[in-house]
Amino acid sequence: LEAINIGFLFHIYISAIFMFLLCRELKFDRMISFFCSISWVLSSIFQQLSQSGWLTQVISASYLPGLIYLFIKTIKTRYPDNIIFCLLTSLLVAFTITGGVPHYAALILYTFLLFLIPSLQNKRRLKYLFIVSLFGLILSIVYWGPMLLQSRGCIFEAQGFQGYSLRDMGNFLFPFSI
């Protein structure tokens, strides 16, 4: 039980750091960035998940600010350095997939893509998103590979994969409002 509490604290702390870095990257003041990160980790989604004891969903949700921050850094930096940020973003994609249950990780990655839609008009940025997705899936094959091999002849709903509507994404972004 204590390990679960440490897991919650660790991932929420990492999420607060990523939210602070994201806000600083978006040119917010330090104090505003601090309050944004505190508001993020004290949001109802983390409160609900931690109260219910769902560490896997906390792990997936905690990497959303990091995904956005590192992808922005990938786009803004030049060639030798942006490869590092691209690989770090891929690593967070893999952590999101391997840390959470498949349907919740998919919801986080859909939300990540929703935030990236305005920036994907440039073909170079689309190429980076493809590289991030490819390396993220390759790094996480340890998790989803055996599930895919075991699912021969089974429907995906029985394996934990299911479709989501826009209402489900709205419930994630604004809990208890829809």
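Whatever comes next refers back to the structure up there.
Summary of the structure given here. This is a predicted model, so every value here is computed, not measured.

A cluster of nonpolar side chains, namely Tyr79, Ile83, Leu87, Phe130, Leu134, Phe135 and Ile138, defines an oily patch on the protein surface of about 720 Å² accessible area. Only helix 6 (79-99) and helix 8 (123-139) provide two or more residues apiece to the nonpolar patch. With respect to the helices, strands and loops of the structure, leucine 87 is situated in helix 6.

Here we take up the side chain of serine 15. Here serine 15 lies in helix 1 (residues 2-25). Of the residues examined, serine 15 reaches a relative accessible area of 0% and is grouped as buried.

Quick look at the side chain of threonine 77 now. In this fold, threonine 77 is placed in the loop between helix 5 (64-76) and helix 6. Polar side-chain contacts of threonine 77 include one of 2.8 Å to the backbone oxygen of lysine 73.

The final tally for this structure, using the stated rule, is one aromatic pair. Aromatic side chains phenylalanine 34 and phenylalanine 35 sit 5.7 Å apart centroid to centroid with 65° between the ring planes, which places their arrangement in the edge-to-face category.

In this section: the state of the cysteines. Scanning all chains against the criterion turns up zero disulfides. Between cysteine 23, a cysteine without a disulfide, and cysteine 36, which holds the nearest cysteine sulfur, the sulfur-to-sulfur distance is 3.9 Å. Residue classification places cysteine 23 among the buried residues on the basis of a relative accessible area of 5%.

Here is what the cut-offs are and how they apply
- Residues numbered from 1 in each chain as written.
- Predicted model: local features only at pLDDT ≥ 70, side-chain atom pairs only at ≥ 80, totals over all residues.
- Heavy atoms only, no water.
- Patch = residues over 30% accessible without salt bridge, like charges linked within 9 Å, V, L, I, M, F, W, Y side chains within 5 Å.
- Areas by Shrake-Rupley, 256 points an atom, 1.4 Å probe, with all protein chains shown as cover.
- Salt bridge = Lys/Arg side-chain N within 4 Å of Asp/Glu carboxyl O.
- Helix = DSSP H or I, 4+ residues; strand = E, 2+ residues; numbered from the N terminus.
- Buried < 20%, exposed > 50% of the residue type's maximum accessible area, 1.4 Å probe, protein only.
- Polar contact = N/O pair within 3.5 Å; in protein donor to acceptor, adjacent residues only side chain to side chain.
- Phe/Tyr/Trp six-rings, centres within 6.5 Å; stacked < 30°, edge-to-face > 60°.
- Disulfide = S-S within 2.5 Å.

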